Amino acid sequence: MAGVNVESGGKGGRRAVDSEINMIPMIDLLVCCISFLLITAVWSHMSRMNADAQVPGPPNPEKELNPQPPDKMLHVEMRAEDKFTLIWKQGPTVVNSIDVPRHGVDIVEGAVTTTRYPDLATKITEEWKANGSHRDASDKKLDQAVLHTDNKTLFKEIISVIDAIYAPKRDFGAASKQIPAFNVTFSVN
Amino acid sequence: MAIHEPGRRLMHLVPLKFVQKRVGGGGHRSVSAPLNLTSMIDFLVVMVVFLLMTFSASGEIPLDKNVKLPKAENTVDMVDAPMIAVNGSQVLVDGTAAGSTRAIEEAGRLQRIDELFNILKSKRELWKATQGGSNKSFPGVCILQVDQMVPALVVKSVFQTAAFAGYPNVSFMVGQIPKTERH
């Protein structure tokens, strides 16, 4: 019979007092738990990529108006077919401009082909380390990246480029959580 | 051969036959065999622990069947927010039709989608009516489920419409590519 034998005493001439713990209910409980968890299991996992729209809000009269120098922003130009152009701008002033050749790496998973740009990701990481303004873990602001695309560019290409822009990571907060260094937004024109 | 007087017999006064057989060595093999279930219980416990760790209380995320999502590596976890699906020609908000993309593609320029704007605005007002009493500020988060073949013009139009309706924190829903080691 399924059970656990628990012996106590029995030496020195006294009668052994055995007791068997019945494990059948526990096995039933475990089988029920496993069945429930298997039936309710969610195996496919979707994720998301942030892209904040910078919509100007109403002025806040409580905040003192102090003229602040504009932050440096990284503009990623993807309209050319053979290259990407990374332009650091501070307001209207162009600080730096670099061209990155457009070498896509195709990843085939069954019927789905995903294009990735590892060279672009590496270059953006280097650029952020050299020119990024918000790198400290206690800094709550993120560096801004503006994506310039042609109106006919397919969404999957846009996602591939945004994926490359999100490659550089930085520490954030006291817990040193790793988050993307850039916050991506789209250019209207 | 000499005849001897028979000696004492064990348990001959006990009337129960099965006791006599047992004590006298009846000769039958026992049909019951002990089964060690310890390893099976260990296996079940490990299975339960594994399934509990991978259990997701948020459940399945509704995915529009006409939308084929692109994949990316540098992603963050999903959140619970209004879902705007954009397939080849339709825009849907939580399953409700909210406009067509054909007008945008034909015009060839960025424009606001009025039905989408109105639906999102009413969702925002409903949120304020139900939760406006508390000190929470409106999160303004929405998730775009966009088919990978949709052109950028449509994506930007939907994005801009959502932003002007009070949802500036837009996220794109994507499939997950396993993270690669970077050295």
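Quick notes on the rules
- Residues numbered from 1 in each chain as written.
- Chains lettered and ligands numbered in written order.
- Predicted model: local features only at pLDDT ≥ 70, side-chain atom pairs only at ≥ 80, totals over all residues.
- Heavy atoms only, no water.
- Helix = DSSP H or I, 4+ residues; strand = E, 2+ residues; numbered from the N terminus.
- Buried < 20%, exposed > 50% of the residue type's maximum accessible area, 1.4 Å probe, protein only.
- Contact = heavy atoms within 4.5 Å.
- Buried area = accessible area lost by both parts, 1.4 Å probe.
- Salt bridge = Lys/Arg side-chain N within 4 Å of Asp/Glu carboxyl O.
- Polar contact = N/O pair within 3.5 Å; in protein donor to acceptor, adjacent residues only side chain to side chain.
- Nonpolar A, V, L, I, M, F, W, Y, C, P; charged D, E, K, R; others polar.
- pLDDT = per-residue confidence, 0-100.
- Phe/Tyr/Trp six-rings, centres within 6.5 Å; stacked < 30°, edge-to-face > 60°.
- Core = buried A, V, L, I, M, F, W, Y, C linked by side-chain atoms within 4.5 Å.

Colleague: Before we move on, could you go through the environment of A:K141 and cite the residues and values that matter?
Modeller: Residue and element names in this part refer to chain A. Turning to its location among the elements, K141 is positioned in the loop between α2 (118-131) and β9 (143-148). K141 gets classed as partly exposed once you look at its relative accessible area, which sits at 48%. Between the C-alpha atoms of K141 and F172, which are 31 residues apart in sequence, the distance is 9.6 Å. Each residue touching K141, except ones within four places of it in the same chain, is listed here: D71, H134 and R170.

Colleague: Explain the interface of chain A and chain B to me, using residue names and the numbers behind them.
Modeller: Residue-level contacts link 48 residues of chain A with 53 residues of chain B. Summing the contributions of chain A and of chain B, the shared interface buries around 4700 Å²; its carbon and sulfur component is 67%. Three residues stand out in chain A for area buried against chain B, namely A:M46, A:R48 and A:F155, and they jointly supply 17% of the buried area on that side. Linking chain A with chain B are one salt bridge. For the salt bridge of A:R116 with B:E73, the shortest nitrogen-to-oxygen distance reads 2.6 Å. If you look at where chain A meets chain B, you find 20 residue pairs in polar contact (both at pLDDT 80 or more). Broken down by secondary-structure element, the contributors of at least two residues to the side of chain A that touches chain B are α1 (24-39), β3 (46-52), β8 (112-116), α3 (155-165) and β12 (182-186) of chain A. Sort the elements by how many residues they give to the side of chain A that touches chain B and α1(A) lands first, with eight residues. Broken down by class, the residue content of the side of chain A that touches chain B amounts to 28 nonpolar, eleven polar and nine charged.

Colleague: Can you break down the confidence of the model for chain A residue by residue, with the values?
Modeller: This prediction gives chain A a mean pLDDT of 83; 81% of its residues lie at or above 70. Confidence, expressed as mean pLDDT per element, reaches its minimum in chain A at strand β1 (residues 3-8) of chain A with 56 and its maximum at α3(A) with 94.

Colleague: Mind laying out the packing of aromatic side chains, listing which residues take part and the relevant values?
Modeller: Enumeration according to the criterion identifies eight aromatic pairs over all chains in this entry. Aromatic pair A:F84 and A:Y117: ring centres 5.0 Å apart, planes at 80 degrees, arrangement edge-to-face. Of the two residues, A:F84 sits in strand β5 (residues 83-90) while A:Y117 sits in the loop between β8 and α2, which places them 33 residues apart along the sequence. Comparing A:F84 with A:Y117 shows no difference in burial state: the two are buried. Where A:F186 meets B:F172, the ring centres are 5.9 Å apart and the plane angle is 75 degrees; that geometry is what we call edge-to-face.

Colleague: Can you explain the nonpolar core? Please cite residues and give values.
Modeller: If you look at the biggest cluster of nonpolar residues, it comprises 58 residues, and the most contacted ones within it are B:I84 and B:F172. Apart from residues lying up to four places away in sequence, B:F172 is in contact with A:S47, A:R48, A:M49, A:A51, A:F155, A:I159, A:I162, A:F186, B:L144, B:V155 and B:F159. Within the second largest apolar cluster, ten residues are counted, among which are A:M23, A:I34, B:L37 and B:L44.

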